[in-house]
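# Residue-level structural notes
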Amino acid sequence: GSGTWMQVNHDLQPVSLPKPYFDAHPVYAGISSGRCIIDGQIMTRVPLVYSKFVTPESGILKDKLVRLIAPGPGEGFAPMPAFTVPNGNPRPCFWLGTYAGTDDGGTKVGSLPGKMPLVNLNFNAMLTRCSARNVDGVEGFQMWDVYMLSVLQQLSAIEFGTTNMQTAIGRGRVDTSSANYVDEADVAQASWRGLVGLWGNVWQVVQGIRTDTSRYLEVWARDGSRLYKATNIALPVFDGTNPAFAVTFDHSYGDNFDLRDFFLPKTTSTNAALGSLGDAYWGPSGGSGGVLYLGGSYGEAARAGLFCQYWIQPASFANTHFGCRLAKV
């Protein structure tokens with residue numbers, strides 16, 4: 001499409017890194033080996049990552065955004081916001097549900113194989129069921145959030161040198177007429193570093209980012225406070241008929257927010273061949289505000305993926321196509 005992605009090293013020179021490099025890297029290896037059981041649920045540990053953004057003033061990457069990651073601190077590097085704690089040291093990790101959210105007793109969101117995804121609950125009901133795990137000494141469970149998603153998106157894009165995860169990893173369950181178990185074979189095609197079904201099967205709602213009734217974006221502050229920050233940035237609108245594809249991205253930043261953390265479109269086209277991600281984008285339609293649903297569902301075909309975004313529906317919306325994913329800090 002319109003965008004070209006490449007791997008670069010710390011000196012901002014193009015490289016082509018083989019899979020064994022990432023398999024041995026402390027961050028990537030930590031995710032791959034991080035599966036564990038917490039409160040009876042299968043979770044995957046994501047270790048602390050440091051990052052920085054660079055926009056070179058000369059050379060082949062002049063005026064292009066470069067994302068650099070590291071397993072520890074260094075010049076200009078800071079913990080990614082998913083690990084930030086207000087007025088404290090960064091948390092050493094967070095956990096994500098290894099599988100898309102499943103029903104646990106009709107009151108909680110779980111993460112277990114051999115189950116159908118939990119769907120047909122609105123955003124607030126999903127939040128409540130995720131936090132319902134925090135009883136009898138258990139704490140830290142929540143719905144996954146946009147900064148956790150940002151870690152997965154940036155790390156996977158760096159690993160493969162592309163954002164088209166259907167091409168890099170697998171198509172996922174995107175060519176059928178119904179959802180299936182969260183560990184079904186075609187669902188599991190959409191897996192990265194042991195996290196299963198990251199796209200396809202059902203949409204997965206994400207907290208920490210939303211639009212107001214005028215399509216202006218609000219995101220959690222980067223300081224870990226979980227307070228929403230107004231950005232005064234309006235997302236591209238849905239035309240009411242066709243999904244769009246991101247051509248360029250909004251890299252605005254301000255007081256305690258930075259849209260470079262995400263892959264939010266600034267300009268779009270309904271022509272997929274012009275897109276820079278490979279995944280589709282349904283912008284907000286205005287009027288009621290929207291929350292972010294990620295990944296696409298069982299019938300989205302090539303439009304689905306780890307960068308696929310759906311902003312049309314408000315937090316009150318519930319549907320059998322829409323679920324969530326459990327997390328823990």
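For the structure itself, look to the data block above.
The structure displayed is predicted, hence computed values, not measured ones.

## Here we look at the sheet that holds strand β7 (residues 78-79)
Taken together, three strands build an open sheet; the order of strands is β6-β5-β7 and the sheet is antiparallel. Whereas interior strands pair on both sides, the edge strands pair on one side only; in this sheet they are β6 (66-70) and β7. Direction of pairing for strand β5 (residues 50-54) relative to β6: antiparallel, over a ladder of five bridges. Across the sheet, residue Ser-51 finds its bridge partner in β6, namely Ile-69.

## Description of helix α3 (residues 123-131)
Looking only at α3, the buried set comprises Phe-123, Met-126, Arg-129 and Cys-130. Buried residues of α3, viewed axially, fall in a sector of 130°; they line one side. If you check the start of α3, you find a side-chain oxygen 3.2 Å away from the backbone N of Asn-124, and it comes from Asn-122.

## Quick notes on the packing of aromatic side chains
Summed over all chains, the structure comprises 18 aromatic pairs. Ring geometry for Phe-22 against Tyr-28: centres 4.9 Å apart, planes inclined by 75°, an arrangement best described as edge-to-face. Using a relative accessible area of 2% as the deciding quantity, one classes Phe-22 as buried. Using a relative accessible area of 1% as the deciding quantity, one classes Tyr-28 as buried. With 5.1 Å between their ring centres and 85° between their planes, Phe-317 and Phe-322 make a pair best called edge-to-face. By the ring-pair criterion, three or more aromatic residues cluster together here, those being Trp-203, Trp-282, Tyr-293, Tyr-310, Phe-317 and Phe-322. Seen from the ring of Phe-263, Arg-67 lies directly overhead, with NZ or CZ sitting 4.0 Å from the centre.

## Considering the side chain of Arg-193
On the secondary structure map, Arg-193 appears in the loop between α6 (185-188) and β12 (203-211). Exposure remark for Arg-193: the relative accessible area of 12% places this residue in the buried category. A polar atom in the side chain of Arg-193 sits 3.0 Å from the side chain of Asp-23. If sequence neighbours within four positions are ignored, Arg-193 has contacts with Phe-22, Asp-23, Tyr-28, Ile-31, Ser-32 and Glu-159.

## Regarding the nonpolar core
Core analysis: the biggest nonpolar cluster contains 85 residues, and Phe-83, Leu-96, Trp-144, Val-151 and Leu-155 have the highest contact counts within it. The element that contributes the greatest number of residues to this core is helix α4 (residues 146-160), accounting for eight residues. Look past the residues within four positions of Trp-144 in its chain and what remains in contact with it is Leu-96, Leu-149, Leu-152, Gln-204, Val-205, Val-206, Gln-207, Leu-294, Arg-325, Leu-326 and Ala-327. Ile-42, Tyr-99, Ala-100 and Val-196 belong to the second largest nonpolar core, which has five residues in total.

## Description of the pairing of strand β3 (residues 35-38)
Both β3 and strand β4 (residues 41-47) contribute to a ladder of four bridges, which runs antiparallel. Bridge pairing in β4 links Cys-36 to Met-43. What sits between the antiparallel neighbours β3 and β4 is a turn of two residues, in which Asp-39 has the positive phi angle 55°.

## So, the state of the cysteines
Here the structure, examined in full by the defined rule, presents zero disulfides. This cysteine, Cys-93, is not joined by any disulfide, and Cys-36 carries the nearest cysteine sulfur, 8.4 Å off. No disulfide involves Cys-130; its sulfur sits 4.1 Å from that of Cys-324, the nearest cysteine.

## Concerning the pattern of salt bridges
Counted by the stated rule, this structure contains 14 salt bridges. Between Arg-260 and Asp-258 there is a salt bridge, and its shortest N-O distance comes to 2.7 Å. This pair shows no difference in class: Arg-260 is buried, exactly as Asp-258 is. Between Glu-300 and Arg-303 there is a salt bridge, with the nearest N and O atoms lying 2.7 Å from each other. Relative accessible area serves as the criterion here: at 13%, Glu-300 is assigned to the buried category. One salt-bridge network, held together by shared partners, links Lys-19, Asp-23, Glu-159 and Arg-193.

Cut-off values and rules
- Residues numbered from 1 in each chain as written.
- Predicted model: local features only at pLDDT ≥ 70, side-chain atom pairs only at ≥ 80, totals over all residues.
- Heavy atoms only, no water.
- Pairing = 2+ DSSP bridges.
- Helix = DSSP H or I, 4+ residues; strand = E, 2+ residues; numbered from the N terminus.
- Buried < 20%, exposed > 50% of the residue type's maximum accessible area, 1.4 Å probe, protein only.
- Arc of directions from axis to C-beta.
- Polar contact = N/O pair within 3.5 Å; in protein donor to acceptor, adjacent residues only side chain to side chain.
- Phe/Tyr/Trp six-rings, centres within 6.5 Å; stacked < 30°, edge-to-face > 60°.
- Lys NZ or Arg CZ within 6 Å of the ring centre and 35° of its normal.
- Contact = heavy atoms within 4.5 Å.
- Core = buried A, V, L, I, M, F, W, Y, C linked by side-chain atoms within 4.5 Å.
- Disulfide = S-S within 2.5 Å.
- Salt bridge = Lys/Arg side-chain N within 4 Å of Asp/Glu carboxyl O.

By themselves, these figures tell us nothing about what the structure is for.
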